[in-house]
Structures are given as structure tokens and as C-alpha cells.
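Coordinates in review
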Amino acid sequence: KSWQPVPAIKLNSPSLPKTSVHMQKIAQRGLMILFSFTIMFHVLIIIQVIPFQHVWGGRLKTLKEMYQFESFSILLNLCFLMIVLIKSGIMKSRIPARMLKITLWMMAAFFLLNTIANLLSLTNLESWIFAPVTALICIFSFILARSEN
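So, how was this worked out
- Residues numbered from 1 in each chain as written.
- Predicted model: local features only at pLDDT ≥ 70, side-chain atom pairs only at ≥ 80, totals over all residues.
- Heavy atoms only, no water.
- Axes fitted to C-alpha atoms, helices over the stretch in contact; angles between N-to-C directions.
- Helix = DSSP H or I, 4+ residues; strand = E, 2+ residues; numbered from the N terminus.
- Parallel < 35°, antiparallel > 145°, perpendicular 65-115°, else oblique.
- Left-handed = near helix turned anticlockwise from the far one by under 90°.
- Contact = heavy atoms within 4.5 Å.
- Nonpolar A, V, L, I, M, F, W, Y, C, P; charged D, E, K, R; others polar.
- pLDDT = per-residue confidence, 0-100.
- Phe/Tyr/Trp six-rings, centres within 6.5 Å; stacked < 30°, edge-to-face > 60°.
- Buried < 20%, exposed > 50% of the residue type's maximum accessible area, 1.4 Å probe, protein only.

1. Some thoughts on the packing of helix 2 (residues 63-87) against helix 3 (residues 97-119)
Relative to each other, helix 2 and helix 3 sit at 135°, their axes nearing to 11 Å. Of the possible angle classes, the one that applies to helix 2 and helix 3 is oblique. For the pair helix 2 and helix 3, the sense of crossing is left-handed. For the pair helix 2 and helix 3, the contacting residues are Leu76, Phe80, Ile83, Val84, Ile86 and Lys87 in the first and Leu100, Thr103, Leu104, Met107, Phe110 and Phe111 in the second. Split by residue class, the contact of helix 2 with helix 3 holds 10 nonpolar, one polar and one charged.

Right under this line is the structure:
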């Protein structure tokens, strides 16, 4: 017999099971809740209710750094939340469905990398609390990226 390569699994392959509407709703609601809580968490850091030394891998040294990183994080999470609101039909937009799908795939990849970074963090807060949260965001983003509508 001649050697033949194993065919690659395509993420949108018809051989993979379709994402159910029920799973899509769970993913949508889950992402809305997680992004909302994440934004509130970052606001608590900015107003210094939560010490900034416990985030960003324990690498922030000054208030200026904290304000820059936290402001960026809030803005990014607001964008992620907006994408989910558009995908779920709560917010109207002229963004093409294909662009939303690509953005959701990028979110899934981003949160996979974020989960790895949180697992390698110097702080227990990020390793034990945020690694599972970002893993869940990654899974939910994957579910929405695979959804048909």
C-alpha cells in the first residue's frame, strides 16, 4: 500500500456536528455576562478598589501603566461585547455576517492565547480565576463562530 496523508479536519466541515440553537443562546448569554463582569472588574482596578498588582501577570509597576493597560482592556472588552450583541441580534449593525464570523474566530484564537498567558501568570488570581474564565470565553466564541446564523 502506498502512504496517503490523513485529511485535515476543517473547522467548518460538514462532518463536524452543527452548533445547536440552544448552544448558541448559551454562548451568547454567557459571553454577554462574562464581558460585562470583566468590564466591571477592570473599572474596579481603575478606581483602585482592586490593587493593580494582581493583574497583567503582576508586571505593572506604576499607576500610569495601570491606566493605560486597563483603559485598553475596557475598550477591547466593550468591542467584544458589541460583537456578541450584534451576533445575537440585540444590537443592529451593517457589519457583514462574514466579517462577524471572522471576528469571532479571531476572538476564539485571542482568548486561547490569553488562557495560556493566564496559566503562566505570576499571580494566583489570574492563574486560578481568569484562566478558566478566558477558556470559557474561548469556547463560547468558538461556538458562535461555528454557528450558521
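What follows continues from the structure just given.
2. Some thoughts on the packing of helix 3 against helix 4 (residues 124-146)
At a minimum axis separation of 8 Å, helix 3 and helix 4 run at an interaxial angle of 160°. In this view, helix 3 runs roughly antiparallel relative to helix 4, as classed from their interaxial angle. In this structure, helix 3 meets helix 4 at a crossing whose hand is left-handed. A class-by-class count of the residues in the contact of helix 3 with helix 4 yields 15 nonpolar, six polar and three charged.

3. Brief notes about the confidence of the model for the protein
Any region with low pLDDT has predicted coordinates that should not be read closely. Scored by pLDDT, the protein comes out at a mean of 88, with 87% of its residues at no less than 70. The secondary structure element of the protein with the lowest average pLDDT is helix 4, at 91, and the one with the highest is helix 2, at 96.

4. Description of the packing of aromatic side chains
Taken as a whole and judged by the stated rule, the model has eight aromatic pairs. Here the aromatic rings of phenylalanine 41 and phenylalanine 130 are separated by 4.8 Å at their centres, their planes lie at 55°, and the arrangement is tilted. Placement of the pair is phenylalanine 41 in helix 1 (residues 21-46) and phenylalanine 130 in helix 4, with a sequence separation of 89 residues. Aromatic side chains tryptophan 56 and phenylalanine 69 sit 4.9 Å apart centroid to centroid with 70° between the ring planes, which places their arrangement in the edge-to-face category. Highlighted residues: tryptophan 56 in the loop between helix 1 and helix 2 and phenylalanine 69 in helix 2, separated in sequence by 13 residues. Since its relative accessible area comes to 29%, tryptophan 56 is described here as partly exposed. Among the aromatic residues, those joined into a ring-pair cluster are Phe35, Phe80, Phe110 and Phe111.

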